[in-house]
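Listed below are the residues making up each chain.
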Amino acid sequence: MNTTEAKGNWNIQKAKLKQKYADLTDNDLMYDEGQKDEMLGKLQVKLGKTKEELAKFIESL
């Protein structure tokens, strides 16, 4: 998978996350390569979920 495909997939996943959790913003879902844990940490605090729960949900999208 190239970078363009990965970004396209993430955009689809972001849209699904925002549908499920309406209070999420684009800033909450900003993902830079190598900063997945930081993003999951922010989401964990905002949604009250564990990193494992969030990672599992994102992978299921």
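These lines cover the structure that appears in this document, whether it is placed above or below. (Residues numbered from 1 in each chain as written. Predicted model: local features only at pLDDT ≥ 70, side-chain atom pairs only at ≥ 80, totals over all residues. Heavy atoms only, no water.)

A word on the packing of helix 2 (residues 36–47) against helix 3 (residues 51–60). One way to put it is that helix 2 packs onto helix 3 with a least axis distance of 9 Å and a crossing angle of 110°. When the axis of helix 2 is compared with that of helix 3, the two are roughly perpendicular. Residue-level inspection shows Asp37, Leu40, Gly41, Leu43, Gln44 and Leu47 of helix 2 in contact with helix 3, the latter providing Lys51, Leu54, Ala55 and Ile58. Of the residues assigned to the contact of helix 2 with helix 3, the class counts are six nonpolar, two polar and two charged. (Axes fitted to C-alpha atoms, helices over the stretch in contact; angles between N-to-C directions. Helix = DSSP H or I, 4+ residues; strand = E, 2+ residues; numbered from the N terminus. Parallel < 35°, antiparallel > 145°, perpendicular 65-115°, else oblique. Contact = heavy atoms within 4.5 Å. Nonpolar A, V, L, I, M, F, W, Y, C, P; charged D, E, K, R; others polar.)

Another point: the pattern of salt bridges. Applying the stated criterion across every chain yields a total of three salt bridges. The residue Lys42 makes a salt bridge to Glu38 at a minimum N-O spacing of 3.9 Å. Of this pair, Lys42 and Glu38 both sit in helix 2, four residues apart, which is roughly one turn of the helix. According to the relative accessible area criterion, Lys42 is partly exposed, its value standing at 46%. (Salt bridge = Lys/Arg side-chain N within 4 Å of Asp/Glu carboxyl O. Buried < 20%, exposed > 50% of the residue type's maximum accessible area, 1.4 Å probe, protein only.)

Every α-helical turn comprises 3.6 residues, leaving residues that sit three or four positions apart pointing alike. Along helix 3, the residues classified as buried are Leu54, Ala55 and Ile58. Seen from one end, helix 3 has its buried residues packed into an arc of 95°, which puts them on one side. Facing away from the buried side of helix 3, by more than 90 degrees, are the exposed residues Glu52, Lys56 and Ser60. (Arc of directions from axis to C-beta.)

Read these as spatial facts, not as claims about activity.
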